[in-house]
Amino acid sequence: MAKTLYMVVPCYNEEAVLAETTKRLKDKYISLLKEGLISIKSKVVYVNDGSKDRTWEIITNIHKEDKMFRGICLSRNRGHQNAVLAGLMTVKDEADMVITMDADLQDDIDAIDEMVKQFNNGYDIVYGVRNSRKTDTFFKRFTAQTYYKLLLTLGVDIVYNHADFRLMSKRAINEMENFKEVNLFLRGIVPMVGFPSTNVYYERHERFAGESKYPLKKMLHFAFDGVTSLSIKPIRFITMLGLIIFMLSLGMLIYSIVIHFVGDSAWGWSSLMTSVWALGGLQLLAIGIIGEYIGKIYLESKARPRFIIQEYLKDE
Ligand code: UDP
Ligand code: MG
């Protein structure tokens, strides 16, 4: 029997794209139904992440007209990752598989067929992987690729060029529920769940309309969170650095004692100044990084809810 597919689509100020997204998803669902790939109970769930524009109003209207579309309204803006999580946790009991996708049509809707087929082949997690970065600016492409490489060297198990366009089975989502972290970086957590997984390649398009909700500042924040939520190697690196500098300073100590007895001790002011500045800077950096981890522990220890649902538009 065909399995039930739920789509979770986070929306933050997406009034410009929702109509088009809805139309294309509807067409896709009809064709999937015809092919017998998904069951008639399949749904699309829009998660309104505290939008300030008409997004929720539009979602409400879509739901009124067509019960295949549902809406979840979060109590306020909690960020993309938490919006996706809220959707997954809300629908997991009713769905056999869930696909998460951005609202802006950058992710290729036609990749959904292949994802569902791979699910039927027995895969629990199907990652949507971009096969090129043609539509990105040079800057975005360069920073994104450097970042993926950095994460890999830091020992984070991450799928190269995969964002948050993926299919997960019910049991994978159930297991993911046990990852309670508040500092959520789904891309790093999903591979930790394990289970058989595979990739589906797709071309990423330009945003259909509206502008990116990830300005540089948010992107940097997200990137930094990704590292410090998933790897403690930066702290180890600092320890190593401290050790090396300590060794060097022992060398310097011996050197200055020798210079003292040779009698030319006023010499070396500039090297002294440089090392004071360099060491001061390094110490601040080290304290900063350690502080970042302590900040994370602080947030995790509070275990605040990661999202709060204000309203859930269902069929009944
Ligand atoms: N998004 C969200 N909450 C936020 C920011 C973004 O739910 O605080 C959603 C947004 O509506 C979109 C997806 O996350 O569906 C990806 O955002 P966007 O397309 O702006 O990011 P980009 O593709 O530029 O990285
Ligand atoms: Mg986008």
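Quick notes on the rules
Residues numbered from 1 in each chain as written. Chains lettered and ligands numbered in written order. Predicted model: local features only at pLDDT ≥ 70, side-chain atom pairs only at ≥ 80, totals over all residues. Heavy atoms only, no water. Buried < 20%, exposed > 50% of the residue type's maximum accessible area, 1.4 Å probe, protein only. Helix = DSSP H or I, 4+ residues; strand = E, 2+ residues; numbered from the N terminus. Pairing = 2+ DSSP bridges. Donors = N, O, S within 2.8 Å, 3.2 Å for Na, K, Ca; no water. Near = heavy atom within 4 Å. Polar contact = N/O pair within 3.5 Å; in protein donor to acceptor, adjacent residues only side chain to side chain. Nonpolar A, V, L, I, M, F, W, Y, C, P; charged D, E, K, R; others polar. Contact = heavy atoms within 4.5 Å. Patch = residues over 30% accessible without salt bridge, like charges linked within 9 Å, V, L, I, M, F, W, Y side chains within 5 Å. Areas by Shrake-Rupley, 256 points an atom, 1.4 Å probe, with all protein chains shown as cover. Salt bridge = Lys/Arg side-chain N within 4 Å of Asp/Glu carboxyl O. Lys, Arg positive; Asp, Glu negative; His and termini not counted. Charge placed at Lys NZ, Arg CZ, Asp CG, Glu CD. Phe/Tyr/Trp six-rings, centres within 6.5 Å; stacked < 30°, edge-to-face > 60°. Lys NZ or Arg CZ within 6 Å of the ring centre and 35° of its normal. Core = buried A, V, L, I, M, F, W, Y, C linked by side-chain atoms within 4.5 Å. Disulfide = S-S within 2.5 Å. Expected span 1.5 Å × (residues − 1). Arc of directions from axis to C-beta.

1. A short note on the pairing of strand 7 (residues 197-202)
In step 1: Residues Thr198, Val200 and Tyr202 point to one face of strand 7 and are all buried, whereas Ser197, Asn199 and Tyr201, pointing to the other face, are not buried.
In step 2: Two elements, strand 5 (residues 125-130) and strand 7, share 6 bridges in a ladder whose sense is parallel. The residue bridging Val126 from the neighbouring strand is Thr198, located in strand 7.

2. Concerning the coordination of the magnesium ion (ligand 2)
In step 1: Only Asp104 (OD) and Gln106 (OE1) from the protein reach the magnesium ion (ligand 2) as donors, at distances of 1.9 Å.
In step 2: Here Asp104 falls in the buried class, since its relative accessible area comes to 3%.

3. Overview of the site of ligand 1
In step 1: Ligand 1 sits among 20 residues. The nearest are Glu14, Asp49, Asp104, Ser212 and Lys213.
In step 2: Within the backbone of Lys213, one N or O atom sits 2.4 Å away from an oxygen atom of ligand 1.
In step 3: Mapped by element, the contributors of at least two residues to the shell around ligand 1 are strand 1 (5-11) and helix 3 (80-91).
In step 4: When the residues that make up the shell around ligand 1 are grouped by side-chain class, the tally is 6 nonpolar, 5 polar and 9 charged.

4. Overview of the side chain of Thr55
In step 1: Positionally, Thr55 belongs in helix 2 (residues 55-65).
In step 2: Judged by its relative accessible area of 0%, Thr55 is buried.
In step 3: Among the polar contacts listed, one links the side chain of Thr55 to the backbone nitrogen of Glu15, at a separation of 3.5 Å.
In step 4: Residues in contact with Thr55, not counting those within four places in the same chain, are Cys11, Asn13, Glu14, Glu15, Leu18 and Asn48.

5. Thoughts on a positive patch on the surface
In step 1: A cluster of like positive charges, contributed by Lys52, Arg76, Arg78 and Lys218, occupies part of the molecular surface.
In step 2: Note on placement: Arg78 falls in the loop between strand 3 (69-74) and helix 3.

6. Considering the packing of aromatic side chains
Two numbers describe a pair of aromatic rings. These are the distance of the centres and the angle of the planes.
In step 1: Tallied over the full model, the rule gives 6 aromatic pairs.
In step 2: The ring of Tyr214 is capped by Lys218, whose NZ or CZ atom sits 5.7 Å from the centre of that ring.

7. Overview of the nonpolar core
In step 1: One finds Leu5, Met7, Leu25, Val44, Tyr46, Ile99 and Ile112 to be the most contacted residues of the largest nonpolar core, which totals 37 residues.
In step 2: The greatest single-element share of this core, amounting to 5 residues, is contributed by helix 4 (residues 111-120).
In step 3: With 29 residues, the next largest nonpolar core counts Tyr6, Leu74, Val159 and Ile173 among its residues.

8. Topic: the side chain of Ser169
In step 1: Along the polypeptide, Ser169 turns up in strand 6 (residues 162-169).
In step 2: A residue is classified by how much of its surface remains accessible, and Ser169, at 5% relative accessible area, is buried.

9. Quick word on the state of the cysteines
In step 1: Tallied over the entire structure, the rule returns 0 disulfides.
In step 2: For the unlinked cysteine Cys11, the closest cysteine sulfur is that of Cys73, found at 11 Å.
In step 3: Overall, the relative accessible area of 0% leaves Cys11 in the buried class.

10. Some details on the pairing of strand 5
In step 1: Of all 6 residues that make up strand 5, 6 are buried, and the element is covered over most of its length.
In step 2: Burial along strand 5 is two-sided: the residues Ile125, Tyr127 and Val129 and Val126, Gly128 and Arg130 are all buried.
In step 3: The pairing of strand 5 with strand 6 spans 4 bridges and is classified as antiparallel. When the sheet's bridge partners are listed, Tyr127 is paired in strand 6 with Arg166.

11. With respect to the pattern of salt bridges
In step 1: Per the counting criterion, the structure on display carries 19 salt bridges.
In step 2: With a shortest N-O distance of 3.1 Å, Asp110 and Lys28 are connected by a salt bridge. Of this pair, Asp110 sits in the loop between strand 4 (97-100) and helix 4 while Lys28 sits in helix 1 (residues 18-34), placing them 82 residues apart in sequence.
In step 3: Among the salt bridges present, the one from Arg171 reaches Asp124, with a minimum N-O distance of 2.8 Å. Taken together, the residues span a long stretch of sequence, with Arg171 in helix 6 (residues 170-176) and Asp124 in the loop between helix 4 and strand 5 at a distance of 47 residues.

12. Observations regarding helix 1
In step 1: For helix 1, built from 17 residues, the straight-helix expectation of 24 Å at 1.5 Å per residue is met to within 8% by its first-to-last C-alpha distance of 24 Å.
In step 2: Among all positions in helix 1, only Leu18, Thr21, Thr22, Leu25, Lys28, Tyr29 and Leu32 are buried. Buried residues of helix 1, seen end-on, are gathered within an arc of 130° and therefore sit on one face of the element. Residues of helix 1 that are exposed and angled more than 90 degrees away from the buried face: Ala19 and Lys34.
In step 3: Along its buried surface, helix 1 packs onto strand 1, strand 2 (43-48), helix 2, strand 3 and helix 4.
In step 4: Downstream of helix 1 by one or two residues, Gly36 has phi in the positive range, about 75°.

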